[in-house]
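Report on the structure
Residue-level listing of the chains:
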Amino acid sequence: MEIIRNLTRRKLRSFLTISGIVIGIFALTTMGSMAEHFNALLDGGAKYFSSNIQVGAPDGQQAALLPLSKMAELQKVPGVEAVYPSYSVPLKPGGGFVSFGVPDTIANDNPGEGSRILLKTSLARGHGLSADSRGEVVLGTTVANEIKKNVGDTIDLPVRPPDAKPGFVNHPFKVVGILNRTGTAPDNFATVSNADARMLVRDSLPTAIRTSIDVDQISMGFTVYAKPGTSVAQLDGLAKRINDQVPGVKATKPSDLVNAFKASGAVFTAITTGAALLALVIGGLSVVNTMIMAVTERVREIGLKKAVGAHTIHILREYMLEATLIGLIGGLIGYSLGVGLANLLDAAGRSSNLDLFLITPTLTVLALGFAVVLGAVAGVIPAFRAARLDPVTALRTSN
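Note that the structure is predicted; figures quoted are calculated from it, not measured. (Residues numbered from 1 in each chain as written. Predicted model: local features only at pLDDT ≥ 70, side-chain atom pairs only at ≥ 80, totals over all residues. Heavy atoms only, no water.)

On to the overall build of the protein. Scanning the protein for helices and strands turns up 13 helices and 13 strands. Sorting the 399 residues of the protein into buried and exposed places 45% on the buried side. The long-range share in the protein, meaning contacts at least 24 apart out of those at least 6 apart in sequence, stands at 81%. For the protein, the accessible area works out to roughly 19900 Å², and carbon and sulfur atoms hold 63% of it. (Helix = DSSP H or I, 4+ residues; strand = E, 2+ residues; numbered from the N terminus. Buried < 20%, exposed > 50% of the residue type's maximum accessible area, 1.4 Å probe, protein only. Contact = heavy atoms within 4.5 Å. Areas by Shrake-Rupley, 256 points an atom, 1.4 Å probe, with all protein chains shown as cover.)

For helix α5 (residues 194–204), the buried fraction is high: eight of the eleven residues fall into the buried class. All of the buried residues in α5 are Asn 194, Asp 196, Ala 197, Arg 198, Met 199, Leu 200, Val 201 and Asp 203.

Within the open sheet, the four strands sit side by side as β3-β12-β1-β13. Their pairing is antiparallel. Looking at which strands have only one partner, the edges of the open sheet turn out to be β3 (82–86) and β13 (250–252). Taking the axes of each pair of neighbouring strands and ignoring which way they run, one obtains an average angle of 25° across the sheet. The pairing of strand β1 (residues 53–56) with β13 spans three bridges and is antiparallel. Within β13, the residue paired with Gly 56 across the bridge is Lys 250. (Pairing = 2+ DSSP bridges. Axes fitted to C-alpha atoms, helices over the stretch in contact; angles between N-to-C directions.)

There is a patch of nonpolar side chains on the surface, built from Leu 341, Leu 344 and Leu 345 and spanning about 250 Å² of accessible area. Among the structural elements, Leu 344 can be located in helix α10 (residues 312–349). (Patch = residues over 30% accessible without salt bridge, like charges linked within 9 Å, V, L, I, M, F, W, Y side chains within 5 Å. Salt bridge = Lys/Arg side-chain N within 4 Å of Asp/Glu carboxyl O.)

Below, the discussion takes up the pattern of salt bridges. Summed over all chains, the structure comprises seven salt bridges. A salt bridge links Asp 196 to Arg 134, with the nearest nitrogen and oxygen atoms 2.7 Å apart. With Asp 196 in helix α5 and Arg 134 in the loop between β6 (123–126) and β7 (136–139), the pair connects residues that are 62 residues apart, well separated along the chain. Classification of Asp 196 as buried rests on a relative accessible area of 2%. As a salt-bridge pair, Asp 216 and Arg 198 come within 3.5 Å of each other at their nearest N and O atoms. Residue Asp 216 is found in the loop between α6 (207–210) and β11 (218–219), and its partner Arg 198 is found in helix α5; the two are separated by 18 residues along the sequence. Exposure remark for Asp 216: the relative accessible area of 41% places this residue in the partly exposed category. According to the relative accessible area criterion, Arg 198 is buried, its value standing at 15%.

Another aspect to go through is the pairing of β7. Pairing of β7 with strand β9 (residues 171–179) involves four bridges; the strand directions are parallel. Directly across from Leu 139, in β9, lies its bridge partner Ile 178. With two bridges joining them, β7 and strand β10 (residues 189–193) adopt antiparallel strand pairing. Residue pairing in the sheet places Leu 139 in a bridge with Ala 190 of β10.

Looking now at unusual backbone geometry. The omega torsion across Leu 157 and Pro 158 is -10°, close enough to zero to call that bond cis. Along the chain, Pro 158 falls in the loop between β8 (154–157) and β9. One non-glycine residue, Lys 148, lies in positive phi territory at about 55°. Structurally, Lys 148 is set in the loop between α4 (141–147) and β8.

So, in structure tokens, the structure goes:
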């Protein structure tokens, strides 16, 4: 109670000091939650690509299409356990060039591949696709929220853009399942069967090419898996063997993709670090200044406490607790405001695929813990100054 009373002695000064902490932790929470969101996306990508090898068309080939017969050649390479074709088309063609995350994509579902993927997904509602599924789609949570569809609804895919040309083609699909939120790329996927994916790929091709290609005999790429537990270094070696033994394809080393994701993640980690430094400067100086002023104003009070038996440790503890409480109050307010703004902006931008923030337990502990530690550390010097006052000198001082 005495600590609370001390804070209310100078209400304006306490308010300004706490405001400094609030500003710093608010910045840490908002920038940190943005970094957490993008790091989750990047970590998901690194996790996915660390378990397989992406095989595509060789450099210089204009059309990124490969014959399905390449699957048999890939399966003959020593170390290859499974090969799956991959297809993808934009869910919203002509949606612009600016994206703050993974673009909405229609992708194919290969029966049996899910058990090999390290980045797991689960159904929130409905059911998955069967091998012979036609006209059915499973939506990621972001896509489902964006297009406002639920299990049982029908949606035309791809989504017709406002400026669609007369030749634009799409097809009706029934939503049979919606995934749980992962915070990674699958949230932005609409998944269809291989047969439906090939149909949509055919529709996306120029008319002159569409009529000359048997879409049932092509793939946009392949995903190659080795035995479970194969390391990234071993997969790199397998990628090299594929390039050496299978002509007309290019296998990308998983380590190249994983390292690219990790390098991008370092940028967002730097954002969080910068916000923490901002909180340190703004909040730390505010607390130090306030606590030094508090000691100056309470010199006689400190001397009286020492005269009646208070030990140095008691004085030290009192001022450290006061500084820590300032940090905690400012941290709670700044964190709450940051979470509120992040949720508000995410809710406002959900219809436009602008999901930018992710509040995680790690960020919560970091923000509140940083505020408390900041207050405590900033109060060390003033607390020692108060604890070392000579009681006789202090009692002679007029406040």
